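Residue strings, one per chain:
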Amino acid sequence: MVRRIDPYSVRLFVAAAQAGSIVRAAGQEHIAPSALSRRLADLEHAFGTPLLVRSPRGITLTDAGRLVLARGMKIDDDLQALVREVQTEGAEVRGTVRLYANMSAVIGFLPERLQRFMAAHPGVTVSLHEEDTREVIRACMDDRADVGVGVQAAAPAGLDAWHFASDPLQVVMPADHALAPRDSLGFAQVLDHPLIGIHQGGALDRTLHERAEALQLRFAPTVWVSSFDAVCRMVEAGLGIAVIPQSAAAAYAGMTRFVRRPLDEPWAARELHLYALHRTPQLRATQALIDSLRG
């Protein structure tokens, strides 16, 4: 029986009961009086009892009709509120997006891009975690991250990837260093000097070790630190030179006492990518962040 009671018929009943007339209610609800009358008859049949007493002077409610009116008004109010909530949800993107990003993205690119995104989507909260690229990709695959930003890598099956930013490697040194007069530097030249290492075992560290081995040389920093600002402080103190992304060099080694030179190697043209589990469709907040960061 319940499946024959539809919300629209309840709304029409409420309108008729409040208007005291099928004709007036039909006009208010923009439906033909005969169609409205049929809807009311079907509703009475579904309840199995009369709800209205019809007369030439209009309609009055039975005891059952008064009960249906009271409940029906609440049902209609709840449905209208639901419609408003759904429409609001459709107009504004809301939710929380879990964003994992590597250190250079957090330093060099994300602050301004996130500010623009959050200004455009105030209903979205971004939960940002800084991790190494390997962990960024793993978090996306494990569904601990909705969006990831890290160094370009072969994306595992099931993971989508998009270009995010170019962040080539540079050599940072004191302004009075012997290599400072050169316009660019090969990696072999860099390896001839004391080095400052960053995040031992991280993506950049692994790359530099591998590239040194390919040259049959050793990448053996004299000092290891865990952040790019610490790298630049060590360089500033004269403890060595460092290979770091351009974004970090611009953030922490932009003063006149530093010199920054391009690392003249094909592999130094470092690219950052966005990563996300392949979903069709993505959650709206996630898709909005991906679209914003890609732009």
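What counts and how
- Each residue is numbered by its place in its chain's sequence as written, counting from 1.
- pLDDT decides what is reported in this predicted model: residues at 70 or higher carry local features, side-chain atom pairs at 80 or more are listed and counted, and totals for whole chains, interfaces and linings draw on all residues regardless.
- Processing note: side-chain calculations cover all non-hydrogen atoms of the structure and skip hydrogens and water entirely.
- Helix and strand assignments follow DSSP, with helices taken as H or I runs no shorter than four residues and strands as E runs no shorter than two, numbered in order from the N terminus.
- Each residue gets one of three labels from its accessible area relative to the maximum for its type: buried under 20%, exposed over 50%, partly exposed in between, using a 1.4 Å probe on protein chains only.
- Whether two residues touch is decided by their heavy atoms; if any such pair falls within 4.5 Å, the residues are in contact.
- Definition used for salt bridges: Asp or Glu carboxyl oxygen within 4 Å of a side-chain nitrogen of Lys or Arg.
- Definitions used throughout: a 1 Å grid over protein atoms alone; a cavity as a set of points that fits a 1.4 Å probe which cannot get out; a pocket as an open set with protein on both sides within 12 Å along at least five of seven lines; a lining residue as one with an atom within 4 Å of a point.
- Grid points are joined across faces, edges and corners, and a volume is the space filled by probe spheres set on the points.
- Residue type decides the class: Asp, Glu, Lys and Arg count as charged, Ala, Val, Leu, Ile, Met, Phe, Trp, Tyr, Cys and Pro as nonpolar, and the leftover types, Gly among them, as polar.
- Orientation is described by axes fitted as lines to C-alpha atoms, over the contacting stretch for helices, and by angles from 0 to 180 degrees between their N-to-C directions.
- The scheme is simple: roughly parallel for angles under 35 degrees, roughly antiparallel for over 145, roughly perpendicular for 65 to 115, oblique for anything else.
- Within a predicted model, pLDDT stands for the predictor's per-residue confidence, ranging from 0 to 100.
- Polar contacts, as counted here, are pairs of nitrogen or oxygen atoms within 3.5 Å of one another; within protein the pair requires one atom able to donate a hydrogen and one able to accept it, and residues that are adjacent in sequence qualify only if both atoms are side-chain atoms.
- Any pair of Phe, Tyr and Trp rings, taking the six-membered ring for Trp, is counted once the centres come within 6.5 Å. Such a pair is stacked with planes under 30 degrees apart, edge-to-face with planes over 60 apart, and tilted for the rest.
- Geometrically, a charge over a ring is one whose NZ (Lys) or CZ (Arg) sits within 6 Å of the ring centre while staying within 35 degrees of the ring normal.
- By nonpolar core is meant a set of buried Ala, Val, Leu, Ile, Met, Phe, Trp, Tyr and Cys residues that side-chain atoms within 4.5 Å join together.

Caption draft 1: View of the environment of Arg134. Checked against the element boundaries, Arg134 lands in helix H7 (residues 133-141). For Arg134, a relative accessible area of 45% puts it in the partly exposed group. Taking the C-alpha atoms as reference points, Arg134 and Ala203, 69 residues apart in sequence, are found 7.2 Å from one another. Excluding anything up to four places from it in sequence, Arg134 contacts Gly201 and Arg206.

Caption draft 2: Quick peek at the pattern of salt bridges. Counted under the stated rule, the structure contains 16 salt bridges. Close ionic contact of Glu135 with Arg144 constitutes a salt bridge, the shortest N to O distance being 2.9 Å. Close ionic contact of Arg257 with Glu236 constitutes a salt bridge, the shortest N to O distance being 2.2 Å. Remark: Glu236 occurs in helix H10 (residues 228-236) and Arg257 occurs in the loop between helix H11 (246-252) and strand S11 (258-262); sequence separation between them is 21 residues. The class of Glu236 is partly exposed, set by a relative accessible area of 28%. Each of the salt bridges in this network shares a partner with another, and the network as a whole consists of Arg98, Asp143, Asp146 and Arg279.

Caption draft 3: Region of interest: the layout of surface pockets. Its volume calculated, the largest pocket comes out at about 360 Å³. Lining the largest pocket are 17 residues, with Val151, Gln152, Ala203, Arg206 and Thr207 sitting closest to its centre. The set of elements that each furnish at least two residues to the lining of the largest pocket consists of H7 and helix H9 (203-214). Of the residues forming the lining of the largest pocket, the biggest block, six residues, is contributed by H9. Split by residue class, the lining of the largest pocket holds seven nonpolar, three polar and seven charged.

Caption draft 4: Spatial organisation of unusual backbone geometry. A cis amide bond, omega -5°, links Thr280 with the succeeding residue Pro281. Mapped onto the elements, Pro281 comes out in the loop between strand S12 (271-277) and helix H12 (284-294). Even without being glycine, His30 reaches a positive phi, approximately 55°. By secondary structure assignment, the location of His30 is in the loop between helix H2 (22-29) and helix H3 (33-47).

Caption draft 5: Quick look at the packing of H2 against H3. One way to put it is that H2 packs onto H3 with a least axis distance of 9 Å and a crossing angle of 105°. What the angle tells us is that H2 and H3 run roughly perpendicular. Every residue of H3 that contacts H2 at Ile22, Ala25 and Ala26 is listed here: Pro33, Leu36, Ser37 and Leu40.

Caption draft 6: Expanded view of the confidence of the model for the protein chain. Put simply, the protein chain has an average pLDDT of 91, and 96% of its residues get 70 or more. Confidence, expressed as mean pLDDT per element, reaches its minimum in the protein chain at helix H4 (residues 63-91) with 80 and its maximum at helix H8 (residues 187-191) with 97.

Caption draft 7: Expanded view of H7. Of the residues making up H7, those classed as buried are Thr133, Glu135, Val136, Ile137, Ala139 and Cys140. Those residues of H7 that are buried lie in contact with strand S3 (95-101), strand S5 (147-151), strand S6 (159-166), H9 and S12. Structurally, the start of H7 carries an N-cap: the backbone nitrogen of Arg134 is 3.1 Å from a side-chain oxygen of Asp132. Of the residues flanking the end of H7, it is Asp143, one or two places downstream, whose phi is positive at about 65°.

Caption draft 8: Spatial organisation of the packing of aromatic side chains. Throughout the structure, instances matching the rule amount to three aromatic pairs. Measuring from ring centre to ring centre gives 5.3 Å for Phe187 and Trp267, while their planes differ by 80°; the resulting arrangement is edge-to-face. Note that Phe187 is positioned in helix H8 and Trp267 in the loop between S11 and S12, a separation of 80 residues in sequence. In this structure Phe187 comes out as buried when scored by relative accessible area, which is 0%. With centroids separated by 6.3 Å and ring planes inclined at 85°, the aromatic side chains of Phe219 and Trp224 adopt a geometry described as edge-to-face. We classify Trp224 as partly exposed; its relative accessible area is 30%. The side chain of Arg113 reaches across the aromatic face of Phe164, ending 4.3 Å from its centre.

Caption draft 9: Molecular detail of the side chain of Ser21. Within the secondary structure, Ser21 sits in the loop between helix H1 (7-19) and H2. For Ser21, a relative accessible area of 12% puts it in the buried group. Here the side chain of Ser21 touches Val23 through a polar contact of 3.3 Å, landing on its backbone nitrogen. Separated by 3.2 Å, the side chain of Ser21 and the backbone nitrogen of Arg24 make a polar contact.

Caption draft 10: Here's a closer look at the nonpolar core. In terms of nonpolar packing, the biggest core is built from 35 residues, with Phe187, Val190, Ile244 and Leu263 touching the most fellow members. When residues of this core are traced back to their parent elements, those giving at least two are strand S7 (169-174), H8, strand S8 (196-198), H9, H10, strand S10 (242-245), H11 and S11. Once residues lying within four places of it in the same chain are set aside, the contact partners of Ile244 are Pro168, Leu169, Gln170, Val172, Leu204, Phe228, Val231, Cys232 and Ala249. With 25 residues, the next largest nonpolar core counts Phe117, Phe164, Ile290 and Leu293 among its residues.

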